[in-house]
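The chain contents come next:
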Amino acid sequence: MLVVDDEQSIRNLLCMSLRMSGFEVLEAADGKTALGVAISTDPDLIVLDVMLPDLDGFAVARTLRSRGDDVPILFLTARGTQQDRIDGLESGGDDFVVKPFSIAEIVLRIRAILRRTRGEDTGSSRLVYRDLEVDLDAHRVFRGGDEIRLSATEFNVLDYLLRNAEKVMSKNQIFEHVWGYGEGQNERVVQTFVSQLRRKIDDGRTPLIQTVRGIGYTIRSEPPRT
């Protein structure tokens, strides 16, 4: 795991607490160093402060995603506005914690992200719907034979929708399954990830990810009746 924060006291507290919780931890104090460590060590997860002295956390996340790196990212920030959360998720983050935070909350979020990333034994290694295929073992997604790169959380949202193909899943159902805890901005978070999935999965193709107004989302080959 990599912890990135320019405030030494916060970084030291996080690293010490996470090591005591059983995690192996590397650390960095700025964005450029974080990128170098992330690329060279391939951590299981990055705890990433947004406000860094050189590259901000969002830029670090976008750079990693542009390289095809799907490492889970938990953002830390002193700014807790709804737009900050959306910006963080759209830049490739998997979750968001606002300072001041408790160590217990950080550990809870980290364990939840790692559970989502590592997945569970489902008894089936592939999910297929029309020309969309998900390889659960390899964590790979294909549409019409073309591979589509997804972040860990995007993968889990798609996985949940695909397991329930042609059923309409509410935003709350999606949030509770993927994130696993209560969150005041859950509808906007789900909207953001579904929007990202549409850009990747449906762009230039027959749309599969459908919105059912007032209810939620579904995967089906025909638009839902209104």
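Scoring rules and cut-offs
Residues take numbers from 1 onward in each chain, read along the sequence in its written order. The predicted nature of this model means local features are confined to residues of pLDDT at least 70 and side-chain atom pairs, given and counted, to a pLDDT of 80 or more, with totals for whole chains, interfaces and linings taken over all residues. Side-chain descriptors were evaluated using all non-hydrogen atoms of the structure, hydrogens and water having been removed beforehand. UniProt positions are given in the numbering used here, feature names are shortened, and annotations may be inferred rather than shown by experiment. Secondary structure is summarised from DSSP: a helix means a run of H or I of at least four residues, a strand means a run of E of at least two, and numbering begins at the N terminus for each. With a 1.4 Å probe rolled over the protein chains alone, any residue whose accessible area is under 20% of its type maximum counts as buried; one over 50% counts as exposed, and the rest are partly exposed. Whether two residues are in contact is decided by their heavy atoms, any of which lying within 4.5 Å being enough. Between any two strands, at least two bridges found by DSSP are needed for them to pair. Throughout, an axis means a line fitted to C-alpha atoms (over the contacting stretch in the case of helices), and angles, computed between N-to-C directions, take values from 0 to 180 degrees. To define a nonpolar core, start from buried Ala, Val, Leu, Ile, Met, Phe, Trp, Tyr and Cys residues and group those joined through side-chain atoms within 4.5 Å. Handedness rule for crossovers: strands pointing away from the viewer, path from the first strand over the helix to the second running clockwise, crossover right-handed.

Caption draft 1: How the structure looks around the UniProt feature "modified residue: 4-aspartylphosphate" (unreviewed entry) in the protein. Listed under "modified residue: 4-aspartylphosphate" (unreviewed entry) in the UniProt record, and renumbered for this structure, are Asp-49. Within the secondary structure, Asp-49 is located in strand β3 (residues 46-49). Given the relative accessible area of 2%, Asp-49 is considered buried. Beyond its immediate stretch of four places on either side in the chain, Asp-49 contacts Val-4, Asp-5, Asp-6, Gly-57, Leu-76, Thr-77 and Lys-99.

Caption draft 2: Structural detail: the sheet that holds strand β2 (residues 26-28). Taken in spatial order, the 5 strands make up an open sheet running β2-β1-β3-β4-β5, and their pairing is parallel. Two strands in the sheet have a free side with no partner beyond their single neighbour: β2 and β5 (95-98). Neighbour-to-neighbour, the strand axes of this sheet turn through a mean angle of 20°, independent of strand direction. Here strand β4 (residues 73-77) runs beside β5; their pairing, made up of 4 bridges, is parallel. Following the sheet pairing, Thr-77 is matched in β5 by Val-98. Each of β1 (2-4), β2, β3 and β4 is contacted by helix α1 (residues 8-20), which is oriented at about 170° to β2, the strand it contacts most.

Caption draft 3: View of the nonpolar core. The biggest cluster of nonpolar side chains holds 30 residues, and the ones touching the most others in it are Val-141, Val-157, Leu-158, Ile-174 and Ile-219. For this core, the secondary-structure elements that each account for two or more residues are β6 (126-129), β7 (132-135), α6 (152-163), α7 (171-178), α8 (186-202) and β12 (216-219). Residues within four places of Ile-219 in sequence aside, it is in contact with Tyr-129, Leu-132, Leu-158, Leu-161, Leu-162, Ala-165, Glu-166, Leu-208 and Ile-209.

Caption draft 4: Just the environment of Arg-198, in detail. For Arg-198, the location among the structural elements is in helix α8. Between the alpha carbons of Arg-198 and Ala-29 there is a distance of 35 Å; along the sequence they are 169 residues apart. Setting aside anything within four residues of it in sequence, one finds Arg-198 in contact with Asp-203, Ile-209, Gln-210, Thr-211 and Tyr-217.

Caption draft 5: Geometry of the environment of Arg-67. Inspection of the secondary structure puts Arg-67 in the loop between α3 (57-66) and β4. As for Arg-67 and Ile-219, which are separated by 152 residues in sequence, their C-alpha atoms are 28 Å apart.

Caption draft 6: Spatial organisation of the pairing of β4. Across the 5 residues of β4, 5 count as buried, placing the element largely inside the fold. With burial as the criterion, each face of β4 is covered, one bearing Ile-73, Phe-75 and Thr-77 and the other bearing Leu-74 and Leu-76. Handedness of the β-α-β unit built from β3, α3 and β4 comes out right-handed.

Caption draft 7: Structural context of the sheet that holds strand β11 (residues 209-212). With antiparallel pairing, 3 strands are arranged side by side in an open sheet as β10-β12-β11. Looking along the sheet, the strands with just one partner apiece sit at the ends: β10 (169-170) and β11. Bridge count for β10 against β12 is 2 bridges, and the pairing is antiparallel. In the sheet register, Ser-170 faces β12, and the bridge partner there is Gly-216.

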